[in-house]
Amino acid sequence: MHVFVTGGTGTIGSAVVAELLGNGHTVLALARSDGSAQALESAGATVLRGDLADLDVLRSGAAQSDGVISLAFGRDYGSPDALAQAVAEESAALAALGQELIGSDRPIVTVSGTPWVPGRASTEADPLPADGPVGGRGRSVTALLDLASRGLRGMAVRMPRTVHNEGQGGFAGLLVDAARRTGVAGYPGDGTQRWPAVHALDAAVLFRLVLESAPAGTSWHAVADEGDAVRDIATVIGRRLDLPVGEVPQENFGPFGPIFAMDQPSSSAHTREALGWRPTHSSLLEDLENIQP
């Protein structure tokens, strides 16, 4: 299968590109910079130059492909306005890709976050939230999946709060960055709230499985660790960076503060049973041991 990939140089995307190429697929990857283009070409992908906001370029990439994996998302989350702009840009891109593929029965796999459900681990059957700081992502992904009735094989892989590799990535990576910046390995609340996690290489396998075989309109959970206590995450970060560990105000984490403070474990039992997905790489707490002082 010739697959068009956006976001192919990120923590998840670079693993997905390698997974596809290593399993007999070819890749056409969007690149907005010379550095991204060089990295993708070195990995073995063909490059399509453009940005996520270039909707005509996105349509062209989809038209040339047998399937699409959409991973790109803005890099600026420093303010509510910047986060909202990134969500809006992603929503427009998904709508353009979906419209290009309507009636073709070709697959498109997009990414979202695992939902949170009070009092229990969320499952693949739970709906995505349509409100809050990233509610727009939930709405755009749901709209894409609803196109199944119009000849679009759209699927969503829901990612946990931390997708990690070599001690970097996701919410845990943001905690590391904040610890380096402030001198405290901090967490909001009492730290008992739980975040799910997955190694990027395990997530990449699931993206390939979903692309190859999942039915239209379905959602899947790339969850290896159902829920690590944030205090335990911060404890490893503090030890690796030789910094004190403790509670800090939720506001210290900007627009992500309310999300950071939530207990949000998630299950992948259905995904494992239905698709035969089996995570094999290190857990988050094990991988954080790779953090360098």
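Scoring rules and cut-offs
- Residues numbered from 1 in each chain as written.
- Predicted model: local features only at pLDDT ≥ 70, side-chain atom pairs only at ≥ 80, totals over all residues.
- Heavy atoms only, no water.
- Helix = DSSP H or I, 4+ residues; strand = E, 2+ residues; numbered from the N terminus.
- Buried < 20%, exposed > 50% of the residue type's maximum accessible area, 1.4 Å probe, protein only.
- Contact = heavy atoms within 4.5 Å.
- Areas by Shrake-Rupley, 256 points an atom, 1.4 Å probe, with all protein chains shown as cover.
- Lys, Arg positive; Asp, Glu negative; His and termini not counted.
- Charge placed at Lys NZ, Arg CZ, Asp CG, Glu CD.
- Core = buried A, V, L, I, M, F, W, Y, C linked by side-chain atoms within 4.5 Å.
- Pairing = 2+ DSSP bridges.
- Axes fitted to C-alpha atoms, helices over the stretch in contact; angles between N-to-C directions.
- Domains from an automatic or database assignment.
- Buried area = accessible area lost by both parts, 1.4 Å probe.
- Salt bridge = Lys/Arg side-chain N within 4 Å of Asp/Glu carboxyl O.
- Polar contact = N/O pair within 3.5 Å; in protein donor to acceptor, adjacent residues only side chain to side chain.
- Nonpolar A, V, L, I, M, F, W, Y, C, P; charged D, E, K, R; others polar.

Under an unreviewed UniProt entry, the name given to the protein is Nucleoside-diphosphate-sugar epimerase, and the source organism is Microbispora rosea.

(A) Spatial organisation of the overall build of the protein. Along the protein, the regular secondary structure elements total 11 helices and 12 strands. Seen through its principal axes, the protein has C-alpha atoms that stretch 55 × 40 × 40 Å. Counting only residues that meet the buried cut, the protein has 52% of its 293 residues in that class. For the protein, contacts bridging at least 24 residues in sequence account for 79% of all contacts bridging at least 6. For the protein, the exposed area adds up to about 12,000 Å²; of that, 49% sits on carbon and sulfur atoms. Of note, the protein has its 21 positive side-chain charges centred 2 Å away from the centre of its 34 negative side-chain charges.

(B) Representation of the nonpolar core within the structure. I69, M159, F207 and V210 are the most contacted members of the largest nonpolar core, which totals 35 residues. Contributing elements (two or more residues each) for this core: β1 (2-6), α1 (11-21), β2 (26-31), α2 (34-43), β5 (107-113), β6 (153-159) and α7 (200-213). Of the residues forming this core, the biggest block, 8 residues, is contributed by α7. Not counting residues up to four positions away in its chain, the partners in contact with I69 are V3, F4, V5, T6, V16, L20, V109, F207 and L211. Core analysis: the second largest hydrophobic core is formed by 28 residues, F73, L83, A179 and V236 among them.

(C) Spatial organisation of the sheet that holds strand β10 (residues 218-221). The parallel open sheet is built from 7 strands, whose spatial order is β3-β2-β1-β4-β5-β6-β10. Among the strands making up the open sheet, the edge pair consists of β3 (46-49) and β10. Direction aside, neighbouring strands of the sheet carry axes that sit 25° apart on average. One ladder, built from 4 bridges, connects β6 with β10; its direction is parallel.

(D) Region of the structure containing the domain arrangement of the protein. Domain parsing of the protein yields domain 1 (2-161 + 197-221) and domain 2 (166-196 + 227-265 + 282-289). Using only C-alpha atoms to locate each centre, domain 1 and domain 2 end up separated by 26 Å. In this assembly, 16 residues from domain 1 lie in contact with 15 residues from domain 2. Note on domain 1 versus domain 2: buried area summed over both sides is about 1,400 Å², and carbon and sulfur give 68% of it. It is W116, R161 and A197 in domain 1 that bury the most area against domain 2; as a group they hold 46% of the surface buried on that side. For the pair domain 1 and domain 2, the interface holds 0 salt bridges. Along the contact surface separating domain 1 from domain 2 lie 4 residue pairs in polar contact (both at pLDDT 80 or more). Looking at the side of domain 1 that touches domain 2, the elements with two or more residues in it are α4 (80-101) and β9 (194-199). Broken down by class, the residue content of the side of domain 1 that touches domain 2 amounts to 9 nonpolar, 5 polar and 2 charged.

(E) Up close: the pairing of β3. Two elements, β2 and β3, share 4 bridges in a ladder whose sense is parallel. Residue pairing across strands places L28 opposite T46, the latter belonging to β3.

(F) Here's a closer look at unusual backbone geometry. The backbone of D105 shows a phi angle near 60°, a positive value even though the residue is not glycine. The topology assignment puts D105 in the loop between α4 and β5. A positive phi is found at E166, a non-glycine position, where the angle reads about 55°. Relative to the helices and strands, E166 is located in the loop between β7 (162-164) and α6 (170-182).

(G) Representation of the environment of V157. Locating V157 in the fold gives a position in strand β6. For V157, a relative accessible area of 0% puts it in the buried group. Placed 66 residues apart in sequence, V157 and V223 show a C-alpha to C-alpha distance of 10.0 Å. Apart from the residues lying within four places of it in its own chain, the contact partners of V157 are V109, T110, V111, S112, L206, F207, V210, W220 and A222.

(H) Expanded view of the environment of A63. Mapped onto the fold, A63 is located in helix α3 (residues 55-63). Residues A63 and F4 lie 59 residues apart in sequence; the distance between their C-alpha atoms is 9.1 Å.

(I) Seen up close, the sheet that holds strand β11 (residues 225-229). On the basis of which strands lie adjacent, the open sheet formed by 3 strands has the order β7-β9-β11 and mixed pairing. With one partner strand each, in any of the chains shown, β7 and β11 form the two edges of the open sheet. Across the sheet, the mean angle from the axis of one strand to that of its neighbour is 40°, orientation sign disregarded. Bridging between β7 and β9 involves 3 bridges; their strand directions are parallel. Its bridge partner lying in β9, V163 is registered against V198. Sheet strands in contact with α7 are β7 and β9, and its direction is about 75° off that of β9.

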